[in-house]
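Here is how the chains run, residue by residue.
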Amino acid sequence: MSDSILRVTIGAAPPPRLDKALARDVPEEAALSRTRLARLIDAGAVRCAGEVLSNPKASVAEGDVIEIAVPAMVESHIEAEALPLDIRFEDEDLIVVMKPAGMVVHPAPGTPTGTLVNALLHHFGGRLSGVGGVGRPGIVHRIDKDTSGLLVIAKSDRAHHGLADQFAAHSVERLYQALVHGHPDPGDPRLRGVRGVSIEPGAVIKITSDLARHKTDRQRQAVFFGHGRHAITRARVQEVYGTPAQLSLVECRLETGRTHQIRVHMAHAGHGLVGDPVYGGRRKVAKGALSEAAMAAVAAFDRQALHAAVLGFDHPVSGETIRFEAALPQDMADLISILRA
């Protein structure tokens, strides 16, 4: 398929730069993000009066007619697969799904198939405006393979750009539920003495640090101070199990969204997640503190007990504030039922 030509007339009082003027005046229905426009300018696909404008800082004037050669969408190389999807919302710009534990979000070496993206491509069946000129879903955030919960995925450039801006601004509401070892008691002097931990009103435990790759194990993240990416997690205990307390159900709100953030931060605070093979540690439940059935259920839980339960954001096209909730998956719900018994 050949390129399509989009003609844009520069409006009154334009910004002094070509890229900013196009970002303002390109119609929304063209679904061209600022990033995509910058790439088209750089590729020589933008002209005015027959002259190629390859400098994003080029000046423009009111009434200029800018021609943009928009390449036909390229189909993704990723294989579409008929896999089940739990869809919570969908329109022409985005889709919200509940990802099950055990499913990888995006294909990678070692997992080229069976991922959420493979399933989405089959579901869309070619009805996808694409991201960056490629017929693929726009992944703006991820959750670990063995974490369950809500994800929003862009179906268009305009949605991808708008969602990415919100995630970068930390304005997206993200609440997780985690089952952790011990009792993160805000009044505990040990917890209060952990570097990076502070207590906020409402018995909220705030964990602030930098996160970066572990110095010796490159597959892990580690807590640093003064090195890495800034990360903030707020945790609040919902329920405590055992006598004395052995496990707690905790809600964690993300201000930032770094790789393995909740798992690393809770382990740093001394309360690693149940079932986490990387950060959870080898903590044993005190004998007699839980029923035999509960102890067996905890020992048999074979993934990190973490669930992305709430996702809220402003729709990147309509501006409407939307919010989704997903109940605990069956395995975590069953475990908690046994702990409550």
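Preceding this paragraph is the structure being described.
Here's a quick rundown of the structure. (Residues numbered from 1 in each chain as written. Predicted model: local features only at pLDDT ≥ 70, side-chain atom pairs only at ≥ 80, totals over all residues. Heavy atoms only, no water.)

### Here's the deal with the overall build of the protein chain
Selection rule: What counts as a helix is a DSSP run of H or I of at least four residues, what counts as a strand is a run of E of at least two, and both are numbered from the N terminus. Contacts are residue-level and defined by heavy atoms, with any inter-residue pair within 4.5 Å sufficient. Per-residue and other accessible areas follow the Shrake-Rupley method at a 1.4 Å probe size, with only the shown protein chains counted as cover for residues. This count recognises Lys and Arg as positive and Asp and Glu as negative, with His and chain-terminal groups excluded. Charge positions come from single atoms, namely NZ of Lys, CZ of Arg, CG of Asp or CD of Glu.
Along the backbone of the protein chain there are eight helices and 18 strands. Relative to all contacts within the protein chain whose residues are 6 or more apart in sequence, the contacts with residues 24 or more apart total 65%. Looking at the protein chain as shown, the accessible area adds up to about 16500 Å², and 50% of this sits on carbon and sulfur atoms. Considering the protein chain, the positive charge centre built from 39 side chains and the negative charge centre built from 39 side chains are found 8 Å apart.

### A closer look at the side chain of His315
The condition is simple: Here a polar contact is recorded for every N or O atom pair within 3.5 Å, except that within protein the pair must consist of a potential hydrogen donor and a potential acceptor, and residues adjacent in sequence are included only if both atoms are side-chain atoms.
Checked against the element boundaries, His315 lands in the loop between β17 (306-314) and β18 (321-325). Reaching out from His315, the side chain makes a polar contact with the backbone nitrogen of Ser318 at a distance of 3.2 Å.

### Brief notes about the nonpolar core
Where we set the bar: To define a nonpolar core, start from buried Ala, Val, Leu, Ile, Met, Phe, Trp, Tyr and Cys residues and group those joined through side-chain atoms within 4.5 Å. To sort residues, take the accessible area from a 1.4 Å probe on protein chains only and compare it with the maximum for the residue type: under 20% means buried, over 50% means exposed, and anything in between is partly exposed.
Grouped together as the largest cluster of nonpolar side chains are 32 residues, with contacts concentrated most on Leu116, Ile153, Tyr176 and Met266. Put simply, the parts of the chain that give this core at least two residues each are β7 (94-99), α3 (116-124), β10 (148-154), β11 (173-181), β13 (204-213), β16 (247-254), α6 (261-268) and β17. For this core, the element with the most residues is α3, which contributes five residues. Discounting residues that sit within four places of it in the chain, Leu116 has contacts with Leu85, Val97, Met103, Val104, Val105, Leu151 and Ile153.

### Thoughts on the layout of surface pockets
Where empty space is left becomes clear once a probe the size of a water molecule has been rolled over the atoms. So the rule is basically this: Each cavity reported here is a set of points on a 1 Å grid over the protein atoms alone in which a 1.4 Å probe fits but cannot get out, each pocket an open set with protein on both sides within 12 Å along at least five of seven lines, and each lining residue one with an atom within 4 Å of a point. Grid points are joined across faces, edges and corners, and a volume is the space filled by probe spheres set on the points.
Its boundaries defined by the atoms lining it, the largest pocket holds a volume of some 850 Å³. What lines the largest pocket is a set of 31 residues, and nearest its centre among them are Arg142, Ile143, Gly257, Arg258 and Thr259. Every element with two or more residues in the lining of the largest pocket is listed here: α4 (157-168), β11 and α6.

### A closer look at the sheet that holds strand β3 (residues 51-52)
Selection rule: When DSSP finds two or more bridges between two strands, those strands count as paired. Axis definition: a line fitted to C-alpha atoms, over the contacting stretch in the case of helices. Angles run 0 to 180 degrees between N-to-C directions.
What the four strands build is an open sheet, ordered β1-β4-β2-β3; its pairing is antiparallel. Only two strands of the sheet have a single partner each, and these edge strands are β1 (4-9) and β3. Those strands touched by helix α2 (residues 34-42) are β2 (46-48) and β4 (65-70), and its axis lies near 95° from that of β4.

### Section: the packing of helix α1 (residues 18-25) against α2
This is how the line gets drawn: An angle below 35 degrees is read as roughly parallel, one above 145 as roughly antiparallel, one from 65 to 115 as roughly perpendicular, and any other as oblique. Left-handed is the label given to a crossing in which the near helix is rotated counterclockwise from the far helix by less than a right angle, and right-handed is the label when the rotation is clockwise. Residue polarity is assigned by list, with Asp, Glu, Lys and Arg as charged and Ala, Val, Leu, Ile, Met, Phe, Trp, Tyr, Cys and Pro as nonpolar; anything else, Gly included, falls into the polar class.
The geometry of α1 relative to α2 is characterised by a closest axis approach of 10 Å and an angle of 130° between their N-to-C directions. Compared by their axis directions, α1 and α2 come out oblique. For the crossing formed where α1 meets α2, the hand is right-handed. In this structure, α1 contributes Leu18, Asp19, Leu22 and Ala23 to the contact, and α2 contributes Arg34, Leu37 and Ile41. Classifying every residue of the contact of α1 with α2 gives five nonpolar, no polar and two charged.

### Quick look at the pairing of β7
The buried count for β7 comes to six of six residues, which makes it a mostly enclosed element. Every second residue of β7 is oriented toward a common face, with Leu94, Val96 and Met98 on one face and Ile95, Val97 and Lys99 on the other, all of them buried. Taken together, strand β6 (residues 87-90) and the strand that follows it, β7, pair antiparallel across an intervening segment of three residues.

### Details of the packing of aromatic side chains
Where we set the bar: Here a pair means two rings of Phe, Tyr or Trp (six-membered ring of Trp) with centres within 6.5 Å. Their orientation is stacked below 30 degrees between planes, edge-to-face above 60, and tilted elsewhere.
Taken as a whole and assessed by the stated rule, the structure comprises two aromatic pairs. Ring centres 5.8 Å apart and planes at 50° place the aromatic pair Phe89 and Phe324 in the tilted group. Here the residue Phe89 occupies a position in strand β6, and Phe324 occupies one in strand β18, the gap between them amounting to 235 residues. Of the residues examined, Phe89 reaches a relative accessible area of 26% and is grouped as partly exposed. Note on Phe324: relative accessible area 12%, which makes it buried. Aromatic side chains Phe313 and Phe324 sit 6.2 Å apart centroid to centroid with 35° between the ring planes, which places their arrangement in the tilted category.

### A look at helix α8 (residues 330-340)
Which entries qualify depends on this criterion: By arc we mean the arc of the directions from the helix axis to the C-beta atoms, nothing more.
Three or more residues of α8 are buried, namely Met332, Leu335, Ile336 and Leu339. Along the long axis of α8, the arc covered by the buried residues comes to 95°, so they all point the same way. In the core, the buried residues of α8 are packed alongside β11, β15 (229-241), β16, α7 (292-300) and β17.

### Some details on the pattern of salt bridges
Filter applied, for reference: Any carboxyl oxygen of Asp or Glu within 4 Å of a side-chain nitrogen of Lys or Arg constitutes a salt bridge here.
The full count for this structure, using the stated rule, is 20 salt bridges. Here Lys155 ties to Glu90 by a salt bridge, and the two come within 2.9 Å at their closest N and O atoms. Of the two residues, Lys155 is situated in the loop between β10 and α4 and Glu90 in strand β6; the sequence distance between them amounts to 65 residues.

### A closer look at the side chain of Gln177
Structurally, Gln177 is set in strand β11. Residue Gln177 is classed as buried on the basis of its relative accessible area, which comes to 14%. At 3.4 Å, the side chain of Gln177 and the side chain of Gln238 are in polar contact. Not counting chain neighbours up to four residues away, the residues in contact with Gln177 comprise Gln238, Leu249, Val250, Ala305, Leu306, His307, Ala309, Leu328 and Met332.

### Notes on the environment of Leu249
Structurally, Leu249 can be placed in strand β16. Among the residues examined, Leu249 registers a relative accessible area of 4% and is labelled buried. Separated by 72 residues in sequence, Leu249 and Gln177 place their C-alpha atoms 6.9 Å apart.

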